[in-house]
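These are the residues of each chain, in order.
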Amino acid sequence: MILLKKIPFFLLLLVMFFCLHGAVENFGFLELSEVLLIGIVMLISVALFFGTVFLFTRNYIIASLITFFVSLWYLFFGAIHDWFKRNAAFMSSYSVLLPVLVVLTVLLIIFLRRNKTIAAKLFFYLNILLLIYCVLDTALLLNKQFSPKNKMANTVAFDHSKVSAKPNLYYLVFDEYPGYKSLKDSFGFANDSLYSFLQKKQFSILPLFSNYDFTLFSTSAMLNMKYVDSGYDPKKVSQRELQLRVNEIRNGEVFSIFKKMGYRIQNYSIFDVGESHGVNDQNAFLPVHSLLLTDKILHNRIIRTSGWLFQTGKLSLPSWRKKYLYQHERNSLYSQKMLINSANEKAAGPKFCYAHFMMPHWPYYRDSTGTYHPDEFIAKSNLLNDRPLFLSYLKYTNTVIESLIENITGKDPGAIVIIMSDHGFRYYKNTNPVEPFNFDNICAVRFPNKNYPGVSEKWSAVNIFRYVFNAQYGQQLPYQKDSSIVLSY
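Fair warning: this is a prediction, and the values are worked out from it, not measured in the lab.

Asker: In this structure, what is going on with the overall build of the protein chain? I would like to understand it.
Answerer: Secondary structure assignment for the protein chain yields 19 helices and eight strands. Projected onto its principal axes, the C-alpha positions of the protein chain cover 85 × 55 × 45 Å. Across the 489 residues that make up the protein chain, the buried fraction comes to 51%. Across the protein chain, contacts joining residues at least 24 apart in sequence account for 76% of those joining residues at least 6 apart. Accessible area of the protein chain: about 23400 Å², with a carbon and sulfur share of 61%. Between the centroid of the 50 positive side chains of the protein chain and the centroid of its 34 negative side chains there is a distance of 8 Å.

The following block contains the structure:
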């Protein structure tokens, strides 16, 4: 008890609580190594800040309390910011909230320096409080760890004895690529050149539409061959639901089936697959990995909400622009390179290559000739519904698709190749909230045995791998009922 009055354990416990609480909130989505690394970096930072403050105050009690309160609002800034956005929006502006936090900190410092008896009591109280918090979160974490895990139930009875051939498979998804009908009817563009190319390369065009107009839901449905479990509100999808979709993608049943057939999974997508991380640690849709813990820290919250200020204009920084503005372009080029390398690879055993390209999805980096737009132009989010820009970038995307197909079919002619999108273009200026074009997407498959079973006139993406397994792996899997669901988030 005496030590609790003399040693500022609460500085260590604050970092422990931050990591434990984040691990409890995001259980199943974080790796132990990521949490430990974050904790170590934070401890070092807190220790350095404490040392700096102590040099000025020459009082370890005051220095530790100052360090605690500054660290508290710095680490939990996102939670504070979110609370004000829900309950007092006028305070949520950075220009208001940050000065208020600084002023309150200064006033607290003055108060504690003038009332050292209260400071000593507060010192002891914080040690007890943080110790209790850490014990409670540890108990919650252990409870989650040793509770029965909620694994997704298998949706298909795959008969491995019926598999007679195991060709390599390339599954290439192009985000927000519209189908032929929506491009022709809404954009006035007949995509005949690409479709002609696909047919010359012996692809079969499937009349596919997406089940959801949002990537995480659509991808989860395709890779698990079933609809997302009910229980969410389609009109207001929460971040927790999105995180669950990421986990469903990571543990997709399609990957499990291919692994059991002896396939190696080569992941060049934006998502994690099993233990293989996506092509970038900063997922295109929401925080993943360590960012699940650190996303609400002050500087990360500012980067996420106002980082565009440093990408273009007078405040632009070249290194910042390179890292954030061109993230999708950098990932796309890397995935293209890895796919071509994989096609050239002559390794033993079959492989499943998965790539998800954020194109022709906004930002529209290039025009139809492949020429980059100016940085200031690319960063303008108000251009995401600009049809001429989208169409121009789609035409460039066609050249990427054709190049990849040339390389893959040329180097690995016996492979299965699937070219498709997760949903169609979403930014139609239409008063109808259920715009059918949102779900109109592209799908073309190339099977080495040329066996293309017939499908209905309208058919949905949830069945794409059931179709592949039936046509190429000797299965007789029943198809899911076709439907589409509009989401708001």
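After that view of the structure, there is still more to cover.
Asker: Hey, could you run me through the pairing of strand β1 (residues 169–174) in this one?
Answerer: Regular strands show a simple pattern: their side chains alternate between the two faces of the sheet. Counting buried residues along β1, six of its six residues qualify, which places the element largely inside the surrounding structure. By the alternation rule, side chains of β1 split into Leu169, Tyr171 and Val173 and Tyr170, Leu172 and Phe174, which are all buried. Bridge count between β1 and strand β6 (residues 416–420): five bridges; the pairing is parallel. Paired with Leu169 across the strands is Ile416, a residue of β6.

Asker: Honestly, the packing of helix α9 (residues 192–200) against helix α18 (residues 387–411) in this entry has me stumped. Any pointers?
Answerer: Packed helix pairs are characterised by how far apart their axes lie and by the angle those axes make with each other. For the pair α9 and α18, the least separation of the axes is 11 Å and the interaxial angle reads 10°. Here α9 lies roughly parallel to α18, going by the angle between them. Within the contact between the two elements, α9 uses Ser193, Leu194, Phe197 and Leu198 and α18 uses Asn398, Ile401, Glu402, Ile405 and Glu406. Partitioning the contact of α9 with α18 into residue classes produces five nonpolar, two polar and two charged.

Asker: Help me understand helix α11 (residues 239–250), please; the structure alone is not making it clear to me.
Answerer: Because the α-helix completes a turn every 3.6 residues, residues three or four places apart line up on one side. When the terminal C-alpha atoms of α11 are compared, their 17 Å separation across twelve residues agrees well with the 16 Å that a helix rising 1.5 Å per residue should span. Listed as buried for α11 are Glu241, Leu242, Gln243, Arg245, Val246, Glu248, Ile249 and Arg250. Looking at the buried side of α11, the elements it contacts are α10 (215–224), α12 (253–260) and α13 (291–294).

Asker: Honestly, the pattern of salt bridges in this entry has me stumped. Any pointers?
Answerer: Pairs can form between side chains of opposite charge whenever their charged atoms are close. Counting across every chain of the model gives eleven salt bridges. For Arg245, the salt bridge is made with Glu241, and the minimal N-O distance between the two is 2.7 Å. Taken together, the residues Arg245 and Glu241, both in helix α11 and four residues apart, mark about one turn of the helix. The pair Arg245 / Glu241 is uniform in exposure class, with both members buried. Bridged by salt links that share partners, the residues Asp82, Lys85 and Arg301 form one connected network.

Asker: Explain the packing of aromatic side chains here, please?
Answerer: Geometrically, a pair of aromatic rings is defined through the distance of the ring centres and the angle of the planes. For the coordinates displayed, the defined rule picks out 44 aromatic pairs. Both rings, one in Phe77 and one in Tyr94, keep their centres 6.0 Å apart while their planes meet at 40°; by these two values the pair is tilted. With Phe77 in helix α5 (residues 77–87) and Tyr94 in helix α6 (residues 94–114), the pair connects residues that are 17 residues apart, well separated along the chain. Note on accessibility: Phe77 and Tyr94 belong to one class, buried. Summarising the aromatic geometry, the rings of Tyr171 and Phe465 are spaced 4.9 Å apart at their centres and angled 75° between planes, so their arrangement reads as edge-to-face.

Asker: It is not clear to me how the side chain of Asn438 should be interpreted in this structure. Could you clarify?
Answerer: Counting through the fold element by element, Asn438 comes out in the loop between β6 and β7 (443–446). When its relative accessible area of 7% is taken as the criterion, Asn438 is described as buried. With near-sequence residues (within four places) excluded, Asn438 lies in contact with Ser210, Asp213, His423, Gly424, Phe425, Arg426 and Tyr428.

Asker: Would you explain the pairing of strand β5 (residues 351–357) in this entry?
Answerer: Of all the seven residues making up β5, seven are buried; the element is thus mostly covered by neighbouring parts of the structure. Neither face of β5 is left uncovered, since the one carrying Lys351, Cys353, Ala355 and Phe357 and the one carrying Phe352, Tyr354 and His356 both have all their residues buried.

Asker: Explain the environment of Ser193 here, please?
Answerer: If you trace the backbone, Ser193 turns up in helix α9. A residue is classified by how much of its surface remains accessible, and Ser193, at 57% relative accessible area, is exposed. Along the sequence, Ser193 and Leu291 sit 98 residues apart, while their C-alpha atoms lie 42 Å from each other.

Asker: Please explain α9 as it appears in this structure.
Answerer: Of the residues making up α9, those classed as buried are Leu194, Tyr195, Phe197 and Leu198. Relative to the axis of α9, the buried residues are bounded by an arc of 155° and lie together on one face. Exposed residues pointing more than 90 degrees away from the buried face of α9 are listed as Ser193, Gln199 and Lys200. Next to the buried residues of α9 lie α8 (180–187), β2 (204–205), α18 and β7. One or two steps after α9, the chain reaches Gln202, where phi turns positive at roughly 70°.

Asker: For this particular structure, what's the right way to read unusual backbone geometry?
Answerer: If a residue is not glycine, its phi is most likely negative; likewise, a peptide bond is most likely trans. Residues Met359 and Pro360 are joined by a peptide bond in cis, for which omega reads 5°. Along the chain, Pro360 turns up in the loop between β5 and α17 (375–378). Trp362 connects to Pro363 through a cis peptide bond whose omega is 5°. Turning to its location among the elements, Pro363 is positioned in the loop between β5 and α17. The backbone of Glu176 sits at a positive phi, close to 65°, despite the residue not being glycine. Structurally, Glu176 can be placed in the loop between β1 and α8. With a relative accessible area of 1%, Glu176 lands in the buried category.

Asker: What am I meant to see in the nonpolar core here?
Answerer: Judged by nonpolar contacts, the single largest core of 53 residues is most densely connected at Tyr171, Phe258, Phe352, Met420, Phe465, Phe469 and Tyr473. Breaking this core down by element, the ones donating at least two residues are β1, α10, α11, α12, β5, β6, β7 and α19 (464–472). With near-sequence residues (within four places) excluded, Phe352 lies in contact with Leu169, Tyr171, Val254, Phe255, Phe258, Tyr263, Arg264, Ile265, Gln266 and Phe465. By size, the runner-up hydrophobic cluster in this structure holds 45 residues, among which are Ile378, Leu394, Ile401 and Ala415.

Conventions adopted
- Residues numbered from 1 in each chain as written.
- Predicted model: local features only at pLDDT ≥ 70, side-chain atom pairs only at ≥ 80, totals over all residues.
- Heavy atoms only, no water.
- Helix = DSSP H or I, 4+ residues; strand = E, 2+ residues; numbered from the N terminus.
- Buried < 20%, exposed > 50% of the residue type's maximum accessible area, 1.4 Å probe, protein only.
- Contact = heavy atoms within 4.5 Å.
- Areas by Shrake-Rupley, 256 points an atom, 1.4 Å probe, with all protein chains shown as cover.
- Lys, Arg positive; Asp, Glu negative; His and termini not counted.
- Charge placed at Lys NZ, Arg CZ, Asp CG, Glu CD.
- Pairing = 2+ DSSP bridges.
- Axes fitted to C-alpha atoms, helices over the stretch in contact; angles between N-to-C directions.
- Parallel < 35°, antiparallel > 145°, perpendicular 65-115°, else oblique.
- Nonpolar A, V, L, I, M, F, W, Y, C, P; charged D, E, K, R; others polar.
- Expected span 1.5 Å × (residues − 1).
- Salt bridge = Lys/Arg side-chain N within 4 Å of Asp/Glu carboxyl O.
- Phe/Tyr/Trp six-rings, centres within 6.5 Å; stacked < 30°, edge-to-face > 60°.
- Arc of directions from axis to C-beta.
- Core = buried A, V, L, I, M, F, W, Y, C linked by side-chain atoms within 4.5 Å.

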